[in-house]
Amino acid sequence: MSIHENLLGGPAPTHLPDDPEPRELLAAGTPPAEVAAKYPTSSLAWAQLADEAYEGGRVVESYAYARTGYHRGLDSLRRAGWKGHGPVPFEHEPNRGFLRALHALARAAGAIGETEEHERCSTFLRDSSPTAADILS
């Protein structure tokens, strides 16, 4: 038996490949818009744009940024073997951009009255990573 075998019978956790350049640029203070323009597949850059817009009271803009980061993340998850369900651990740092975008989408959807999308995204976040749901909420 492998030590990585899921004893509960569900899908194995999905770990996105590391893409350190956007994360390093953001950590160094590069504006998220510049990072998203240079690395448009980076969910982390889009999530940070969504957070900044939300904090600035630009909820519809936050929603658009979050939706972009969410869809970029779904594309990355599928390329990494994800089949539409299963754990996406927050503990694996490259997964955090997608999880942050998903959280930002749920938050912005709730703020603009998209109740069904807010609930769907909140459930998806909790199902993907209870840790992310607890930390980001």
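For the structure itself, consult the block above.
The sections below set out a description of the structure shown in this document. Given the structure is predicted, the values throughout are model-derived calculations rather than measurements.

## Topic: the overall build of the chain
- The helix and strand inventory of the chain stands at 7 helices and 0 strands.
- Relative to its length of 137 residues, the chain is compact, with a C-alpha radius of gyration of 15 Å against a globular reference of 14 Å.
- In terms of overall dimensions, the chain has a C-alpha envelope of 50 × 35 × 25 Å along the principal axes.
- Relative to its 137 residues, the chain shows a buried fraction of 38%.
- With an accessible surface of roughly 7500 Å², the chain has 53% of that area assigned to carbon and sulfur atoms.
- Counting 13 positive and 19 negative side-chain charges, the chain places the averaged centre of each group 3 Å from the other.

## Here we look at the environment of Gly29
- Residue position: Gly29 is located in the loop between α1 (20-27) and α2 (32-38).
- Look at Gly29 and you get exposed, because its relative accessible area is 55%.
- Along the sequence, Gly29 and Ser137 sit 108 residues apart, while their C-alpha atoms lie 24 Å from each other.

## Here we look at the side chain of Ser128
- Along the chain, the position of Ser128 falls in helix α6 (residues 115-128).
- Judged by relative accessible area, Ser128 falls into the buried class, the value being 3%.
- Among the polar contacts listed, one links the side chain of Ser128 to the backbone oxygen of Phe124, at a separation of 2.8 Å.
- Excluding residues within four positions of it along the chain, Ser128 makes contact with Gly86, Pro87, Val88, Pro89 and Leu99.

## Here we look at the packing of helix α4 (residues 59-79) against helix α5 (residues 96-111)
- For the pair α4 and α5, interaxial distance at closest approach is 8 Å and the crossing angle is 145°. Between α4 and α5 lies a crossing of left-handed hand. For the pair formed by α4 and α5, the contact residues are Val59, Ser62, Tyr63, Ala66, Arg67, Gly69, Tyr70, Gly73, Leu74 and Leu77 on the first element and Phe98, Ala101, Leu102, Ala104, Leu105, Arg107, Ala108, Ala109 and Ala111 on the second.

## Looking at α5
- Under the 1.5 Å per step criterion, the end-to-end length of α5 is 22 Å for 16 residues, consistent within 8% with the ideal 22 Å.
- Residues of α5 that are buried: Gly97, Phe98, Leu99, Ala101, Leu102, His103, Ala104, Leu105, Ala106, Ala108 and Ala109.
- Looking at the buried side of α5, the elements it contacts are α3 (43-55), α4, α6 and α7 (130-136).
- Two residues or fewer after α5 comes Gly113, characterised by a positive phi angle close to 85°.

## Some words on the packing of aromatic side chains
- Applying the stated criterion across every chain yields a total of 5 aromatic pairs.
- Here Trp46 and Tyr65 contribute two aromatic rings whose centre-to-centre distance is 6.0 Å and whose plane-to-plane angle is 35°, an arrangement assigned as tilted. Here the residue Trp46 occupies a position in helix α3, and Tyr65 occupies one in helix α4, the gap between them amounting to 19 residues.
- The class for Tyr65 is partly exposed, based on a relative accessible area of 22%.
- Measuring from ring centre to ring centre gives 6.0 Å for Trp82 and Phe124, while their planes differ by 20°; the resulting arrangement is stacked. Taken together, the residues Trp82 in the loop between α4 and α5 and Phe124 in helix α6 connect sequence positions 42 residues apart.
- We classify Phe124 as buried; its relative accessible area is 16%.
- Site record: aromatic cluster; members linked through ring pairs are Tyr70, Trp82, Phe98 and Phe124.
- Across from the ring centre of Phe90, 4.5 Å away, lies the NZ or CZ of Arg96, which sits over that ring.
- The side chain of Arg107 reaches across the aromatic face of Tyr54, ending 4.2 Å from its centre.

Rules and cut-offs
Residues numbered from 1 in each chain as written. Predicted model: local features only at pLDDT ≥ 70, side-chain atom pairs only at ≥ 80, totals over all residues. Heavy atoms only, no water. Helix = DSSP H or I, 4+ residues; strand = E, 2+ residues; numbered from the N terminus. Rg over C-alpha atoms; globule rule 2.2 N^0.38 Å. Buried < 20%, exposed > 50% of the residue type's maximum accessible area, 1.4 Å probe, protein only. Areas by Shrake-Rupley, 256 points an atom, 1.4 Å probe, with all protein chains shown as cover. Lys, Arg positive; Asp, Glu negative; His and termini not counted. Charge placed at Lys NZ, Arg CZ, Asp CG, Glu CD. Polar contact = N/O pair within 3.5 Å; in protein donor to acceptor, adjacent residues only side chain to side chain. Contact = heavy atoms within 4.5 Å. Axes fitted to C-alpha atoms, helices over the stretch in contact; angles between N-to-C directions. Left-handed = near helix turned anticlockwise from the far one by under 90°. Expected span 1.5 Å × (residues − 1). Phe/Tyr/Trp six-rings, centres within 6.5 Å; stacked < 30°, edge-to-face > 60°. Lys NZ or Arg CZ within 6 Å of the ring centre and 35° of its normal.

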